[in-house]
Amino acid sequence: MGELQLRDLYERFRDPETLRALSALIHEEAAALEGPVNIMEVCGGHTHTIMKYGLKQLLPESIRFIHGPGCPVCIMPKERIDHAYALAMQPEVILATLGDMIKVPGSQGSLQDARSRGADVRFVYSPLDLLKIARENPDKKVIYFAIGFETTTPMTAALIQQVRRAGIDNLLFHINHVTVPEPMEMLLGDRREAQKSGEKSRIDAFIGPSHVSVIAGAKIYRPFPERYGRPVVVSGFEPVDVMEGVLMLVRQFVQGRCELEIQYKRSVTMEGNLVAQRMIEKYFERRESFRWRGLGEIPHSALRLREEYAEIDAEKIYAEILPDEPIDDHKLCICGEILRGTAQPQDCKVFGTACKPSTPLGSCMVSSEGACAAYYKYGELIQ
């Protein structure tokens, strides 16, 4: 038997024949639908899969995708980016964060701009890389600008645990971890108000992000079928996963069911990773509210460090230099509407002209998971 290659693990989830077979099944079963079904894929990873593999073209016209707010870089409001900028410009500070966060513009500029002005800004592939940075720079305050949904929160908790065990006293944290269910609930509330004013589009179902569910468990989506009458299928990110998730939703509508189902059973359980959940609970607590870019204030939708860890909380230590006034996006940018699923990237007047990956006006173009970036990169597949 030959040696197992990495490609062997994912190629069958991208197999054209399997995709065509799933497409045929969806067309056949969707013929019994009473009307269009609007499916919100919450996560930007799903959006990119849909665009990259042309999945929209494989589906009947009655199945419509609505792009959701599940991109941690896209939803970060300008005032929080200004926090990072202000911290980075302190002479004693090394500021580190993950990937695309460096390029997102705040009101003073991006972290990339701060670096060009002499700030020591670094991006890391893993939060644990900061242990080495802190040890190598004992005369500096190393601040981790932590971002992400439930997926990355355990990594920040693990870093805090390592810092405390090792007695490292120059590593601080600015916590911006957010949670998925709360903005989903808010969007359903928005839709109810929109329908009262005559808006036709609405969210009929959700494709839930699988990586979040690996940690938090699919149980976090139970309120949507039970309380709001919206089915949820937790799907993986490969094209076959997404198509199977759509098929599962179509079958629910045809059969008159409204349930929470797991397509990504190879990694997701209903209860999730209990060890990771306990670690998150140990170090973090819910904020009363958090302002999401384009969505506004959403109660209990983000985390902060517990009070007993105030000595490593950069948001408290540097409170006097951090701005606290909400800052609106560029007037020409419609990222807010895109994140709410009420507009598509090509509806924006500056999409692909003044706003493109090299000169982004909004966060949806900056992030590799942003809807605008997906439409720009795979524009030839847009119907």
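Whatever comes next refers back to the structure up there.
Criteria and thresholds
- Residues numbered from 1 in each chain as written.
- Predicted model: local features only at pLDDT ≥ 70, side-chain atom pairs only at ≥ 80, totals over all residues.
- Heavy atoms only, no water.
- Helix = DSSP H or I, 4+ residues; strand = E, 2+ residues; numbered from the N terminus.
- Buried < 20%, exposed > 50% of the residue type's maximum accessible area, 1.4 Å probe, protein only.
- Pairing = 2+ DSSP bridges.
- Axes fitted to C-alpha atoms, helices over the stretch in contact; angles between N-to-C directions.
- Contact = heavy atoms within 4.5 Å.
- Phe/Tyr/Trp six-rings, centres within 6.5 Å; stacked < 30°, edge-to-face > 60°.
- Lys NZ or Arg CZ within 6 Å of the ring centre and 35° of its normal.
- Polar contact = N/O pair within 3.5 Å; in protein donor to acceptor, adjacent residues only side chain to side chain.
- Core = buried A, V, L, I, M, F, W, Y, C linked by side-chain atoms within 4.5 Å.
- Salt bridge = Lys/Arg side-chain N within 4 Å of Asp/Glu carboxyl O.

Undergrad: Looking at this structure, how should I read unusual backbone geometry?
TA: A negative phi angle characterises most non-glycine residues, just as the trans form characterises most peptide bonds. The backbone of His300 sits at a positive phi, close to 55°, despite the residue not being glycine. Summarising the element assignment, His300 is placed in the loop between strand S12 (296-299) and strand S13 (303-305). With relative accessibility at 44%, the residue His300 sits in the partly exposed group.

Undergrad: Mind showing me how you'd approach the sheet that holds strand S8 (residues 232-235) here?
TA: Backbone hydrogen bonds are what pair the strands of a sheet, in a parallel or an antiparallel way. If you trace the five strands from one edge of the open sheet to the other, you get S2-S1-S7-S8-S9, paired in parallel fashion. The outermost strands of the open sheet, each flanked by one partner alone, are strand S2 (63-70) and strand S9 (260-262). Put simply, the sheet's adjacent strands are angled 25° from each other on average, direction ignored. Sheet topology places strand S1 (residues 37-43) next to S2; six bridges connect them, and they run parallel. In the sheet register, Val37 faces S2, and the bridge partner there is Ile63.

Undergrad: I tried to follow the pairing of strand S11 (residues 289-292) on my own but got confused; where do I start?
TA: Two faces make up the sheet, and in a regular strand the side chains alternate between them. Burial along S11 is one-sided: Phe290 and Trp292 are buried, while Ser289 and Arg291, pointing the other way, are not. Bridge analysis of S11 against S12 gives four bridges, and the strand direction is antiparallel. Looking at S12, one finds that Phe290 is bridged to Ile298. Count of turn residues in the S11/S12 antiparallel hairpin: three residues, of which Gly294 carries a positive phi of about 80°.

Undergrad: It is not clear to me how the sheet that holds strand S3 (residues 93-98) should be interpreted in this structure. Could you clarify?
TA: Reading across from one edge, S4-S3-S5-S6 is the order of the four strands in this open sheet, with parallel pairing throughout. Either end of the sheet is taken by a strand with one partner, and the two such strands are strand S4 (120-124) and strand S6 (171-177). Strand after strand, the sheet turns through a mean of 20° between neighbouring axes, direction not considered. Docked against the sheet, helix H6 (residues 129-136) engages S3, S4, strand S5 (141-148) and S6, running at close to 165° with respect to S5.

Undergrad: Before we go on, may I ask you to explain the packing of aromatic side chains in this structure?
TA: Aromatic ring pairs are defined here through the distance separating the ring centres and the angle between the ring planes. Under the criterion given, the structure shown has seven aromatic pairs. Between Phe123 and Tyr125, the aromatic rings sit 5.7 Å apart at their centres with planes inclined by 80°, giving edge-to-face as the arrangement. Seen in terms of ring centroids, Phe149 and Trp292 are 6.0 Å apart; in terms of plane orientation they differ by 50°. Their pairing is tilted. Taken together, the positions of Phe149 in the loop between S5 and helix H7 (153-166) and Trp292 in strand S11 put the pair 143 residues apart, joining distant regions of the chain. Across the pair, exposure class does not vary: Phe149 and Trp292 are buried alike. One aromatic cluster is present, built from ring pairs that chain together Phe206, Phe224 and Tyr228. Positioned above the aromatic ring of Phe13, the side-chain terminus of Arg266 is 4.0 Å from the ring centre.

Undergrad: Honestly, the side chain of Ser110 in this entry has me stumped. Any pointers?
TA: Its location among the elements puts Ser110 in the loop between S3 and helix H5 (111-116). Taking relative accessible area as the criterion, Ser110 reaches 5% and is therefore assigned buried. Polar contacts involving the side chain of Ser110 include one to the main-chain amide nitrogen of Gln112, which spans 3.3 Å. In this structure, Ser110 is in contact with Tyr85, Ile102, Lys103, Val104 and Pro105, ignoring residues within four places of it in sequence.

Undergrad: Would you take a moment to explain the nonpolar core for this structure?
TA: Nonpolar side chains in soluble globular proteins tend to be buried together. Counting residues in each nonpolar core, the largest one holds 105 residues, and the members touching the most others are Leu95, Leu171, Phe173, Phe206, Tyr221 and Phe284. Residue contacts for Phe173: discarding those within four places in its chain leaves Tyr144, Thr156, Leu159, Ile160, Val163, Leu305, Ile312, Asp313, Ala314 and Glu315. The next biggest cluster of nonpolar side chains, apart from the first, holds 24 residues, and it includes Ala30, Ile39, Ile50 and Leu59.

Undergrad: What's the story with the pattern of salt bridges in this structure? I'm lost.
TA: Two side chains with opposite charge may pair up if their charged atoms get near one another. One pass over the full model with this rule turns up 19 salt bridges. For the salt bridge of Glu79 with Arg291, the shortest nitrogen-to-oxygen distance reads 3.0 Å. Taken together, the positions of Glu79 in helix H4 (residues 78-88) and Arg291 in strand S11 put the pair 212 residues apart, joining distant regions of the chain. Linking Arg80 and Glu315 is a salt bridge whose minimum nitrogen-to-oxygen distance equals 2.9 Å. Taken together, the residues Arg80 in helix H4 and Glu315 in helix H13 (residues 314-317) connect sequence positions 235 residues apart.

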